[in-house]
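Chain and residue survey
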Amino acid sequence: MLNKFLKTGHRRWLVLFPLLGFFILVILVNVKPAPQLKSAMARAPLVQVEKAKVRLLKMSIAGYGRAQSKESWQAIAEVSGRVIYRHPELEKGRMLPAGTVALKIDPVDYQLKLAQAESDLKSAIADADRIALNKNRYALSLALEQNRLSIIEQEYNRKNGLLNKGSISQSAVEQEQSNVFAQQEKVLDLETSLKLIPNDINVAEARIQVNQSRVKEAERKLAKTNIVMPFNARITQVNAVLEQVINQQSVLLKANHLGAMEINAQFAIADMKQLIRQTASANLSPGDEFPDIKRLNLQAIIKLYSGDESHQWSGTVTRVSDSIDPQGNTIGLIIEMQNDWQNFDPLKNTPVMNDMFLEVNVIASSKAVLSVPTMAVHGSSVYIVEADILRMKPVSILFESGRFTAVDSKAVGSIMEDDLVVTTDLLPAIDKMVVRTTLEQTKTEQEK
C-alpha cells in the first residue's frame, strides 16, 4: 500500500511541476519592464555640417607650357675681316655682363677708310670756304667796276656833247664809247659770277654732307669690328674662332637675356572664359585703346616638379597668344617672370631655364562670393540640413579656390548664406531623410 501511495504522489508532482513553471514564467514576464524602443532620431546617421558663407576667394586656372627667354640675340657680322680677339669666357653656357667685348675683327682697313673719308670732308669744307671768300671778292669788285662804269659813261656823255659843238673829233667819241662797252662787259661778268655763287655753295654743301655721311659710315663700320654684349646674357652658341676670316652676315654667336623669361602656357578655353567673367570689372580697352589683358592684373604661380622636389616662381600675365590649338580646346597666355641671378642658389633659388616644362597657375584678384567646402559638392548639387531633414540643392559652380568652391547665389533653387551644408560623405544620401548633425551630437553629450 505504501508503495502504491508513493507512486500515486510522484505522478501528481509530475503534473504540478509544469504548471508551477508556467506560472513562474508569467510572473517574470509581467514583472520585467518592456524594452525601450529607439526613436527615428536615434537611428539617424550622424553628419558634419558647415555654414555656407560669403568669402573672399581667388579664382585660379592651371595650364602648362615651356619657358623661353624674352630676349635673344644673334651677333651677325656687319663687316668682314680676321678675328683678332676672343673673350676668354666666350663659351657655350657661360654668362657675360652687358658691355663686354666678346670679339674683335681686324680694324685696319676700316681705319684707313675713315681717314680717307675725313680727308675728303676737310677738302669739301675748304672748297666751301673758298667759294664764300670768292663771293665777297666778287661783290667788292662789282661795286668798284660799277663805279668805274658810271665815270666812263659820264665821260662819254661829255665828249658826245663836245662833238655836237664841233670841239672834238668823231674818233675820240667812238673810243670813249668803246671804253663804255668794255666796262659794261666787266660788270656783266662779275654779276654773272655772283649769280653762280649760290649754286656753287649748294654743290659745296652737298659735298660736305656726302663726305660727312662717309665719315659716319666709316666710323660705324669701324665700331662694328667690336662685338659687344648688349645685355647680361648666357651664351648659347659660338661660331667664331681666333684668326678666322669671317664674311658679312655670318652668325658669330647667340645669347639669351639672363633676366626676363616667358612661358607660353596653354589653358582650357572654358576655364579662361570663366576667369575673364570673374574679373570682368576691369576694362580691357578704355577709350580708343586696344584690349590689353595686362589691365586685369593677373598674377601667376609657376611651378617645376622634379621627382619629389618642386620649385616655384611668381610672374604676371602680359598678353594672349595670337592663336589657339588646332583642336580648339586651349588658348595660350604669355606669362613673364624675372630670374634672380644675383641671389642664385642651385638648391633653393634655381633660375628658370629655356625649354623647362612648367605648370602655371593664373590667379585672379579676390572677389566676395558665396562659397561652400569643396568636399560638400557632389557633381552639381550639395546636401543641406533643414530641421534635421536632409535636402538636396542644385548649385551652379563658379570656380574652386583651395578648400572652398564658389557657387552662383543667383541661380534658381540654389543654396543661401548660412545654410548648413553637409561635408560628410554620406552613403546612401536620400532626399528628406532624417539626419543628426555634429551640433546635435554635442548637445546630446552635454545633456548626458
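To keep things clear, this report deals only with the structure shown in the data block.

Rules used throughout
- Residues numbered from 1 in each chain as written.
- Predicted model: local features only at pLDDT ≥ 70, side-chain atom pairs only at ≥ 80, totals over all residues.
- Heavy atoms only, no water.
- Helix = DSSP H or I, 4+ residues; strand = E, 2+ residues; numbered from the N terminus.
- Expected span 1.5 Å × (residues − 1).
- Bend = angle between axes of the 7 residues up to and from the residue.
- Buried < 20%, exposed > 50% of the residue type's maximum accessible area, 1.4 Å probe, protein only.
- Contact = heavy atoms within 4.5 Å.
- Salt bridge = Lys/Arg side-chain N within 4 Å of Asp/Glu carboxyl O.
- Pairing = 2+ DSSP bridges.
- Axes fitted to C-alpha atoms, helices over the stretch in contact; angles between N-to-C directions.
- Phe/Tyr/Trp six-rings, centres within 6.5 Å; stacked < 30°, edge-to-face > 60°.
- Lys NZ or Arg CZ within 6 Å of the ring centre and 35° of its normal.
- Core = buried A, V, L, I, M, F, W, Y, C linked by side-chain atoms within 4.5 Å.

**A word on unusual backbone geometry**
At Asn-297, a position not held by glycine, the phi torsion is positive, near 55°. In this fold, Asn-297 is placed in the loop between helix 5 (269-278) and strand 14 (299-306).

**Quick notes on helix 4 (residues 170-223)**
The terminal C-alpha atoms of helix 4, which comprises 54 residues, lie 79 Å apart, in line with the 80 Å expected from a rise of 1.5 Å per residue. A maximum bend of about 30° is found in helix 4 at Ile-197, where proline Pro-198 lies one to four positions downstream. Every buried residue of helix 4 is accounted for by Val-173, Glu-176, Val-180, Gln-183, Val-187, Leu-190, Ile-197, Ala-204, Ile-208, Asn-211, Val-215 and Ala-218. For helix 4, the elements touching its buried residues are helix 3 (108-165).

**Concerning the pattern of salt bridges**
Evaluated as defined, the whole model comprises 15 salt bridges. Between Arg-403 and Glu-50 there is a salt bridge, and its shortest N-O distance comes to 3.2 Å. Linking Arg-403 in the loop between strand 22 (397-401) and strand 23 (404-407) with Glu-50 in strand 2 (residues 49-51), this pair joins segments that are 353 residues apart in sequence. Residues Lys-224 and Glu-78 are paired through a salt bridge, measuring 3.3 Å at the closest nitrogen-oxygen approach. You can see Lys-224 sitting in the loop between helix 4 and strand 9 (226-228) and its partner Glu-78 sitting in the loop between strand 5 (72-76) and strand 6 (81-86), a full 146 residues away along the chain. Using a relative accessible area of 30% as the deciding quantity, one classes Lys-224 as partly exposed.

**Some remarks on the sheet that holds strand 15 (residues 309-324)**
With antiparallel pairing, the 6 strands of this closed barrel are ordered in space as 4-13-16-15-14-17. Ignoring which end each strand starts from, the neighbouring axes of this sheet average 40° apart. Its contacts with the sheet place helix 5 against strand 4 (60-69), strand 13 (260-268), strand 16 (330-338) and strand 17 (357-363), and it is angled at close to 105° to strand 13.

**What to know about the pairing of strand 16**
Within strand 16, 7 of the 9 residues are buried, leaving the element largely enclosed by the surrounding structure. Of the strand pairs in this sheet, strand 15 and strand 16 are connected by 5 bridges, and their pairing is antiparallel. Following the sheet pairing, Ile-324 is matched in strand 16 by Ile-331. From the end of strand 15 to the start of strand 16, which pair antiparallel, there are 5 residues, and Gly-328 there has a positive phi angle of about 75°.

**Quick word on the packing of aromatic side chains**
Think of a pair of aromatic rings as described by two things: how far the centres are apart, and how the planes are tilted against each other in angle. Taken as a whole and assessed by the stated rule, the structure comprises 1 aromatic pair. Judged by centre distance (6.0 Å) and plane angle (5°), the ring pair of Tyr-64 and Phe-357 falls under stacked. Here Tyr-64, found in strand 4, pairs with Phe-357, found in strand 17; they are 293 residues apart in sequence, far enough to count as distant. Positioned above the aromatic ring of Tyr-85 is the side chain of Lys-104, whose terminal nitrogen or guanidinium carbon lies 5.5 Å from the ring centre.

**Some details on the sheet that holds strand 9**
Strand order in the open sheet formed by 4 strands is 9-8-6-11, and the pairing between neighbours is antiparallel. A single partner strand is all that each edge strand has here, and the edge strands are strand 9 and strand 11 (245-246). Pairing geometry for strand 8 (residues 101-105) and strand 9, over 3 bridges, is antiparallel. Looking at the pairing, Lys-104 lines up with Asn-226 of strand 9.

**What about the nonpolar core?**
If you look at soluble globular proteins, the nonpolar side chains tend to sit buried side by side. Counting 32 residues, the largest nonpolar core has Ile-335, Leu-358, Val-360 and Val-362 as its most contacted members. Of all elements in the fold, only strand 4, strand 13, helix 5, strand 14, strand 15, strand 16, strand 17 and strand 23 reach the threshold of two or more residues within this core. Excluding residues that lie within four positions of it along the chain, Val-362 makes contacts with Met-59, Ser-60, Ile-61, Phe-267, Leu-275, Leu-298, Gln-299, Ala-300, Val-317 and Leu-333.

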